[in-house]
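Observations on the model geometry
Chain by chain, the residues:
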Amino acid sequence: MFPPNFWIEEKEKFYKDTENLIIALFLRGAIDGEDFLKPYGLNVLMDWDVVNTNAVQYVQNIHRDIIDAITETTQDQVYPLIDEWLRAGESMPKLIRRLEEVGFPAHRAEMIAVTEVTRAVSSGNQAAWESTGYITAKQWTTAEDERVCPICGAM
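Residues numbered from 1 in each chain as written. Predicted model: local features only at pLDDT ≥ 70, side-chain atom pairs only at ≥ 80, totals over all residues. Heavy atoms only, no water.

Let us now look at the overall build of the chain. Tallying secondary structure elements over the chain gives 5 helices and 0 strands in all. In the chain, the succession of helices and strands from N to C terminus is α-α-α-α-α. Counting every position in the chain, which comprises 155 residues, the buried fraction comes to 19%. Within the chain, counting contacts between residues at least 6 apart in sequence, those at least 24 apart form 58% of the total. About 11,200 Å² of surface is accessible on the chain, with carbon and sulfur atoms providing 57% of the total. (Helix = DSSP H or I, 4+ residues; strand = E, 2+ residues; numbered from the N terminus. Buried < 20%, exposed > 50% of the residue type's maximum accessible area, 1.4 Å probe, protein only. Contact = heavy atoms within 4.5 Å. Areas by Shrake-Rupley, 256 points an atom, 1.4 Å probe, with all protein chains shown as cover.)

Here it is in structure tokens:
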């Protein structure tokens with residue numbers, strides 16, 4: 001339903017958006033762990049080189065696995081909503097609202113809705129045209145303004 005790289009790009013954006021937060025939380029946990037030992041008379045100094053190395057390993061491995069699981073969960077949420085929306089014959093704002101209701105921020109909900117609907121409609125158009133046997137080529141048309149991305153502009 002989505003372009004092949006859509007979810008890969010979403011995972012990378014989400015990973016980058018949360019990476020610093022996860023490191024900060026990891027380090028907060030290390031400090032709390034040290035504080036937890038003090039009432040037991042264990043006033044030892046942590047080896048911050050080890051803690052920092054573990055933080056980096058956590059972000060690179062476990063955090064990435066968590067992001068993968070979140071992305072799969074997101075896909076599992078999105079597809080049924082789009083299916084319900086399509087069957088109901090609702091407007092685009094209603095699809096965006098449906099996505100917001102399950103927790104997507106407004107900008108992400110709009111991006112997912114517009115991307116999916118545009119791609120599906122375009123694919124349907126192309127399939128219909130190809131089925132006639134008369135359409136044998138594509139022509140890209142853009143607004144030819146400053147908002148056209150370099151990829152589309154070149155086409």
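Among the nonpolar cores identified, the biggest contains 14 residues, and V78, L95, L99, F104, A109, I112 and A113 are the most heavily contacted of them. Elements that contribute at least two residues to this core include exactly α1 (6-37), α2 (48-88), α3 (92-101) and α4 (106-132). (Core = buried A, V, L, I, M, F, W, Y, C linked by side-chain atoms within 4.5 Å.)

A cluster of nonpolar side chains, F36, L37 and L42, forms an exposed patch at the surface whose accessible area comes to about 280 Å². Position of L42 among the secondary structure elements: in the loop between α1 and α2. Accessibility expressed as a relative area gives 42% for L42, which makes it partly exposed. (Patch = residues over 30% accessible without salt bridge, like charges linked within 9 Å, V, L, I, M, F, W, Y side chains within 5 Å. Salt bridge = Lys/Arg side-chain N within 4 Å of Asp/Glu carboxyl O.)

By the element assignment, R98 lies in helix α3. Judged by relative accessible area, R98 falls into the buried class, the value being 18%. Discounting residues that sit within four places of it in the chain, R98 has contacts with L81, E84, W85, A88 and E90.

Bringing the environment of I8 into the picture now. Inspection of the secondary structure assignment puts I8 in helix α1. Placed 60 residues apart in sequence, I8 and D68 show a C-alpha to C-alpha distance of 9.2 Å.

For the rest of this paragraph, the subject is α3. An α-helical turn contains 3.6 residues, so a residue and the one three or four places further along point in the same direction. Looking only at α3, the buried set comprises L95, I96, R98 and L99. Down the axis of α3, the buried side of the element spans an arc of 155°, and every buried residue falls inside it. G103 occupies a position one or two residues after α3 and carries a positive phi of about 110°. (Arc of directions from axis to C-beta.)

Within the element layout of this structure, L27 appears in helix α1. For the pair L27 and N54, spaced 27 residues apart in sequence, the C-alpha to C-alpha distance is 9.7 Å.

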